[in-house]
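Each chain is listed here by its residues.
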Number of protein chains: 2
Amino acid sequence: MDLFVDPTRPRALSRSLYDQIRAAIGSGRLLPGERLPSSRRLADDLGVARQTIATVYGRLAAEGHVVGRGAAGTFVADEIDVETAGAEGRRSPRGRGAPPTVLEPRVGLPAPLVASETPRFDLRSGSPDLALFPHVPWRRAALAAAHRAPTGYGDHAGLPELRRALARRLARTRGVIADPEQIVVTTGAQAAIDLTIRLLTRPGDVVAVEEPGYPPVRRLIESLDRRVALVPVDADGIRPDLVPADARLVYTTPSHQSPTGATLTVARRRALLAHADRHRQAIVEDDYDSEHRHSDRPLEPLHLLDTTGRVVYVATFSKTLAPSIRLGCAVFPLVVAPHAVALRAATDVQPSDLVQLAIHHLVTSGDLDRHLRRTRKIYARRHEQVADWVARMSADGHLTAWATDHAGLHVAVRLHGITEAALAARLDVLGVRLGSYRDTWVQPPDHEGAVIGFGNADAERLDEALGLVERALTGVRAR
Amino acid sequence: MDLFVDPTRPRALSRSLYDQIRAAIGSGRLLPGERLPSSRRLADDLGVARQTIATVYGRLAAEGHVVGRGAAGTFVADEIDVETAGAEGRRSPRGRGAPPTVLEPRVGLPAPLVASETPRFDLRSGSPDLALFPHVPWRRAALAAAHRAPTGYGDHAGLPELRRALARRLARTRGVIADPEQIVVTTGAQAAIDLTIRLLTRPGDVVAVEEPGYPPVRRLIESLDRRVALVPVDADGIRPDLVPADARLVYTTPSHQSPTGATLTVARRRALLAHADRHRQAIVEDDYDSEHRHSDRPLEPLHLLDTTGRVVYVATFSKTLAPSIRLGCAVFPLVVAPHAVALRAATDVQPSDLVQLAIHHLVTSGDLDRHLRRTRKIYARRHEQVADWVARMSADGHLTAWATDHAGLHVAVRLHGITEAALAARLDVLGVRLGSYRDTWVQPPDHEGAVIGFGNADAERLDEALGLVERALTGVRAR
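Residues numbered from 1 in each chain as written. Chains lettered and ligands numbered in written order. Predicted model: local features only at pLDDT ≥ 70, side-chain atom pairs only at ≥ 80, totals over all residues. Heavy atoms only, no water.

Caption draft 1: The arrangement of the overall build of chain A in detail. Looking only at helices and strands, chain A has 14 helices and 15 strands in total. Of all 479 residues assigned to chain A, the portion counted as buried reaches 62%. Sequence-distant contacts, at least 24 apart, represent 72% of the contacts inside chain A between residues at least 6 apart. Taken as a whole, chain A presents about 18100 Å² of accessible surface, with 51% of it coming from carbon and sulfur. (Helix = DSSP H or I, 4+ residues; strand = E, 2+ residues; numbered from the N terminus. Buried < 20%, exposed > 50% of the residue type's maximum accessible area, 1.4 Å probe, protein only. Contact = heavy atoms within 4.5 Å. Areas by Shrake-Rupley, 256 points an atom, 1.4 Å probe, with all protein chains shown as cover.)

Structure, rendered in structure tokens:
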């Protein structure tokens, strides 16, 4: 039995101890007949006066929760305790033998991945290099944010000044032209997609996603009792001709398909929009990776080509700063936005002011741009490193690049002559972990693959890590 | 047409301007035949070289987006622009006449309340006094938080150290005994309730709420396509005997019923749990207001009496610090918690580290307790002021107290001899706004009422404000 003592509230001490012991009895942590620690020992353990414990035990005994048996000590009473007795036909509240819960939660969602041990070389995808995080500007931004007085329930779309700054930034960096009123600031991209699916579809509706695709969004859709339809992806991105006509919403990653890296071609973009027009579908454009461009080729967002107001554009700061920042946004068509804000007011209300203000400072001070100019060069070099390595491995027949990546922090390949599982087993010995390719598929793919993330590793180590992957691929043993 | 220029990226300037103008044409903001500003004027406006604008216009003209007509100026081309032409049977991409959206969002949710003008005396409920906000400790906490390195996708239940601190705090202050593993940190109480409903119910399921009750939770339930069942409330709180047997989940506010202020009696608490046991129902206990106690009467949470693991306890920092902090938590039964965490990983992932760390600092430094000791006294005085006033008005027959409030930042009353609307109209003239009583009901109530919030006003002003309400109630005109 763990008991807590608050040294700052000595007067509340006996009440708190009483409550805690009662709760322990009520919940079955202390079982009938169990012996309590002696008042002397407990007083010593907690550093409180023995009289305090004696008072608590006395009250518990007076109410029949415990029984004093002289020198033998104090024991949890065997009878149903008096306070909860007599409630209409209720079972013993002690909970002995009671199941820890009788609820039936939604199950089947995989437990979130928590790395049990950090590999020596972490080449999984999904995170930028936290060693590049702009600590000093971030502290400056957080302090500036903390100096602003907090507000009540503010603007549920997000802080107006942040939305204005995001509108300017999206126009400048992505060609996404939006009024600040179209923008809803969210606790990351996933929350933006959650809001959009809840806003534009109903339970039982079909939501189309890419196959292979981003597993968390698939899980999100299923958790909302919508039906997932899988749309094949090739080197040109999602196949618009294979989007089911009955889909109400299509989730897609046009700039850098997750996980294949394919860039959706302009012809496909138009076809996807035309298909959506014909079938009255909404499109969620997840531009998760687009700040990390490695070529001059403009990745014109679907949003720019959308003329009928069916694209919801989603962006995030998880890939430019750190996932734990948890800030993103959705750009809705103008007449849809107020409904999105109303729904948001009923769901998570708004993200914390503190984070919104910090990001606002980071964006408007120019610190974010400076950070990105710096990291873009670094990631571009790493991307080149990986691309060169992939070309070499490809020439040797070990693998094939999935697509020509123009952006992002990972590269996907098809493997030849080795399964992903066998490769992973060999790499495990060498201390390298890649991203999972198989997990991005619902249906078993007709080929083996691997995902090489380079967000996490610094450049020297990347060479070393790729050398180890090469060794695992070619079957050369460590000397 | 608004164009944005980023002074920190001069080399990207012409590309950015090109993108923005193309997007304006593509989206129909610039219509065919419309005249662009002269390159000289635009260069002046944006503070850039005229040659830059000339280059952009030249490229747009070369691609057929715009047409130069000599001295008359540069005009948006009348033809369908070349890049988007030819897409399979698509309409003109210019969007002239196109509806701003073809999507059908979930409507019917009321637009969130944004006060158009702040009244002189804001006696609405729901927010603590922001003038009491602990600015200096908050800055200290935010700075401490900003000094911690950010992480990748971390623990989806919330930071482990924060969950440990919350477990200790809940045990000490509320008698809620929980392992840190049972706690999921959320972006406020509303997000905790959202997560719980999604976890424990399915579309079409019946979710019981209090009538009158807290409107945002009702809206949340409806937005999730669950069916809302209304359970009457009297001066002893929710009526367990009237909870429908087919409800899968019951949402309740036992400490300080929202809005009536009733404290759920111990007998009712047991009956509610017994009823839930019989019908296999989950209970969400929203303890939104309990840090603000005005009496020594212990408000034993349902959670303490729960022996079968069916209560999900929800707490928030919105009422102790500020709503815009957006941090709360849910305490799940131990075996349910991992499923809650898995679902949360698929929805909003986790709240921002920055806020979690700041709250952790505030809790563990003792600053939060110091803040609460200070504000509790202030709110207790205000509560007494309002209670005294209510007693006096009640003796005069103008109103009746709904319940004996033992906690919270608002008091609900039944009105006699005047409608809420008439009272509000009179108060509007006097510059006072109360909380809405009618909005807390789905069915029209058989009586008139009002909600007097005292979180927002300082004590002197509260006297003055209550004087004005008295004047409006008694119909005495201003002298």
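Caption draft 2: Structural detail: the environment of Tyr214 of chain B. Residue placement: Tyr214 of chain B occurs in the loop between strand E5 (206-211) and helix H7 (215-223). In contact with Tyr214 of chain B, not counting residues within four places along its chain, are Gln190, Tyr251 and Ser258 of chain B.

Caption draft 3: Structural view of the side chain of Asp367 of chain A. Residue and element names in this part refer to chain A. With respect to the element layout, Asp367 can be found in helix H12 (residues 367-395). In this structure the side chain of Asp367 is engaged in a polar contact, spanning 2.9 Å, whose partner is the side chain of Arg370. What Asp367 contacts, discounting residues up to four positions off in sequence, is Pro137, Arg140 and Leu362. (Polar contact = N/O pair within 3.5 Å; in protein donor to acceptor, adjacent residues only side chain to side chain.)

Caption draft 4: Structural view of the sheet that holds strand E12 (residues 399-401) of chain A. All names here are of chain A. On the basis of which strands lie adjacent, the open sheet formed by 3 strands has the order E12-E13-E15 and antiparallel pairing. Looking along the sheet, the strands with just one partner apiece sit at the ends: E12 and strand E15 (448-453). Taking each pair of neighbouring strands and ignoring which way they run, the sheet shows an average axis angle of 30°. H12 contacts E12, strand E13 (410-415) and E15 of the sheet and is inclined by roughly 135° relative to E12. (Pairing = 2+ DSSP bridges. Axes fitted to C-alpha atoms, helices over the stretch in contact; angles between N-to-C directions.)

Caption draft 5: Summary view of the side chain of Arg326 of chain A. In this structure, Arg326 of chain A sits in the loop between strand E10 (311-316) and strand E11 (328-331). A polar atom in the side chain of Arg326 of chain A sits 3.0 Å from the backbone oxygen of Pro323 of chain A. Separated by 3.4 Å, the side chain of Arg326 of chain A and the backbone oxygen of Gln350 of chain B make a polar contact.

Caption draft 6: Examining the sheet that holds strand E13 (residues 410-415) of chain B more closely. Residues and elements named next belong to chain B. The strand order E12-E13-E15 describes an open sheet built from 3 strands, whose pairing is antiparallel. At either end of the open sheet lies a strand with only one pairing partner, and these are strand E12 (399-401) and strand E15 (448-453). Each strand of the sheet is rotated relative to its neighbour by a mean of 30°, with strand direction disregarded.

Caption draft 7: Focus on helix H8 (residues 266-279) of chain A. All names here are of chain A. With 14 residues, H8 should cover 20 Å at 1.5 Å per step; its first-to-last C-alpha distance of 20 Å lies within 8% of that length. Within H8, 10 of the 14 residues are buried, which leaves it mostly tucked inside the rest of the structure. Positioned one or two residues after H8, Arg280 has a phi angle of 55°, which is positive. (Expected span 1.5 Å × (residues − 1).)

Caption draft 8: Main features of the packing of aromatic side chains. With the rule as written, the count across this model stands at 4 aromatic pairs over all chains. Between Arg414 of chain B and the ring centre of Trp402 of chain B, over which it is positioned, the NZ or CZ distance is 4.6 Å. (Phe/Tyr/Trp six-rings, centres within 6.5 Å; stacked < 30°, edge-to-face > 60°. Lys NZ or Arg CZ within 6 Å of the ring centre and 35° of its normal.)

Caption draft 9: Expanded view of the nonpolar core. Ile359 of chain A together with Ile359 of chain B are the most contacted members of the largest nonpolar core, which totals 68 residues. Excluding residues that lie within four positions of it along the chain, Ile359 of chain B makes contacts with Trp138, Leu162, Phe317, Leu321, Ile325 and Leu327 of chain B. Ranked by size, the runner-up nonpolar core spans 62 residues in total, among them Leu109, Leu249 and Val336 of chain A together with Ala342 of chain B. (Core = buried A, V, L, I, M, F, W, Y, C linked by side-chain atoms within 4.5 Å.)

Caption draft 10: Fine view of the pairing of E13 of chain B. Residue and element names in this part refer to chain B. The element E13 is extensively covered by neighbouring structure, given that 5 of its 6 residues are classed as buried. Of the strand pairs in this sheet, E12 and E13 are connected by 3 bridges, and their pairing is antiparallel. The residue bridging Ala401 from the neighbouring strand is Val413, located in E13. Pairing geometry for E13 and E15, over 6 bridges, is antiparallel. Paired with Val411 across the strands is Ile452, a residue of E15.

Caption draft 11: Broad picture of the pattern of salt bridges. Residue and element names in this part refer to chain B. Scanning the entire structure with this criterion turns up 38 salt bridges over all chains. The salt bridge partner of Glu464 is Arg120, with a shortest N-O separation of 3.8 Å. Taken together, the residues span a long stretch of sequence, with Glu464 in helix H14 (residues 459-474) and Arg120 in the loop between strand E2 (74-76) and strand E3 (121-123) at a distance of 344 residues. Overall, Arg120 belongs to the partly exposed group, its relative accessible area being 47%. (Salt bridge = Lys/Arg side-chain N within 4 Å of Asp/Glu carboxyl O.)

Caption draft 12: Structural detail: the domain arrangement of chain A. Residues and elements named next belong to chain A. Split by domain assignment, chain A resolves into domain 1 (10-91), domain 2 (121-127 + 370-474) and domain 3 (150-365). Every contact between the two is made by 26 residues of domain 2 and, on the other side, 31 residues of domain 3. Between domain 2 and domain 3, a total of about 2500 Å² is buried, with carbon and sulfur atoms accounting for 58% of that surface. Per-residue buried area on domain 2 facing domain 3 is highest for Trp402, His406 and Thr440; these three make up 27% of the total on that side. Between domain 2 and domain 3 we count 12 residue pairs in polar contact (both at pLDDT 80 or more) in total. (Domains from an automatic or database assignment. Buried area = accessible area lost by both parts, 1.4 Å probe.)

Caption draft 13: Local environment of helix H11 (residues 353-364) of chain B. Over its 12 residues, H11 of chain B runs 16 Å from end to end, which matches the ideal 16 Å to within 8%, given 1.5 Å per residue. The element H11 of chain B is extensively covered by neighbouring structure, given that 10 of its 12 residues are classed as buried. Looking at the buried side of H11 of chain B, the elements it contacts are helix H4 (135-147) and helix H11 (353-364) of chain A together with helix H4 (135-146), helix H5 (160-174), strand E4 (183-186) and helix H12 (367-395) of chain B. Note on H11 of chain B: the residue one or two positions beyond its end, Gly366 of chain B, has a positive phi of about 85°.

Caption draft 14: Structural context of the packing of helix H6 (residues 189-200) of chain A against helix H10 (residues 337-346) of chain A. Residues and elements named next belong to chain A. In contact at an axis separation of 10 Å, H6 and H10 are set at 110° when each is read in the N-to-C sense. The angle between H6 and H10 falls in the class roughly perpendicular. Here Leu195, Arg198 and Leu199 of H6 come into contact with H10, specifically with His339, Ala340, Leu343 and Arg344. Per-class residue counts for the contact of H6 with H10 are 4 nonpolar, 1 polar and 2 charged. (Parallel < 35°, antiparallel > 145°, perpendicular 65-115°, else oblique. Nonpolar A, V, L, I, M, F, W, Y, C, P; charged D, E, K, R; others polar.)

Caption draft 15: Quick peek at the pairing of strand E6 (residues 227-234) of chain B. All names here are of chain B. Alignment of E5 against E6, held across 6 bridges, turns out to be parallel. When the sheet's bridge partners are listed, Val207 is paired in E6 with Val228. In this view, the connection linking E5 to its parallel neighbour E6 by way of H7 has right-handed handedness. Pairing of E6 with strand E7 (residues 237-238), which is carried by 2 bridges, proceeds in the antiparallel orientation. Paired with Val233 across the strands is Ile238, a residue of E7. (Right-handed = clockwise from strand over helix to strand, strands pointing away.)

Caption draft 16: Seen up close, the confidence of the model for chain A. Residue and element names in this part refer to chain A. Mean pLDDT over chain A: 86, with 87% of residues reaching 70 or higher. Across chain A, the element-wise mean pLDDT spans from 77 in helix H1 (residues 13-26) up to 98 in strand E5 (residues 206-211). A low-confidence stretch, residues 79-99 stays under pLDDT 50, and its non-local contacts, those more than four residues away or across chains, total 50 contacts. (pLDDT = per-residue confidence, 0-100.)

Caption draft 17: View of unusual backbone geometry. All names here are of chain A. Between Ser258 and the following residue, Pro259, the backbone shows a cis peptide bond with an omega angle of 10°. Structurally, Pro259 is set in the loop between strand E8 (247-252) and H8. Even without glycine at this site, Arg280 takes up a positive phi of about 55°. Here Arg280 lies in the loop between H8 and strand E9 (282-286). For Val349, which is not glycine, the phi torsion reads 70° and is therefore positive. Following the sequence through the fold, Val349 ends up in the loop between H10 and H11.

Caption draft 18: Representation of the packing of H4 of chain B against H11 of chain B. All names here are of chain B. Closest axis-to-axis distance for the H4/H11 pair is 8 Å, and the angle between their directions is 125°. Put simply, H4 runs oblique to H11. As H4 runs across H11, the sense of the crossing is right-handed. Facing H4, whose interface residues are Pro137, Trp138, Arg140, Ala141, Ala142, Ala144, Ala145 and Ala146, H11 presents Leu354, Leu357, Ala358, Ile359, His361 and Leu362. Looking at the contact of H4 with H11 residue by residue, the classes come out as 12 nonpolar, 1 polar and 1 charged. (Left-handed = near helix turned anticlockwise from the far one by under 90°.)

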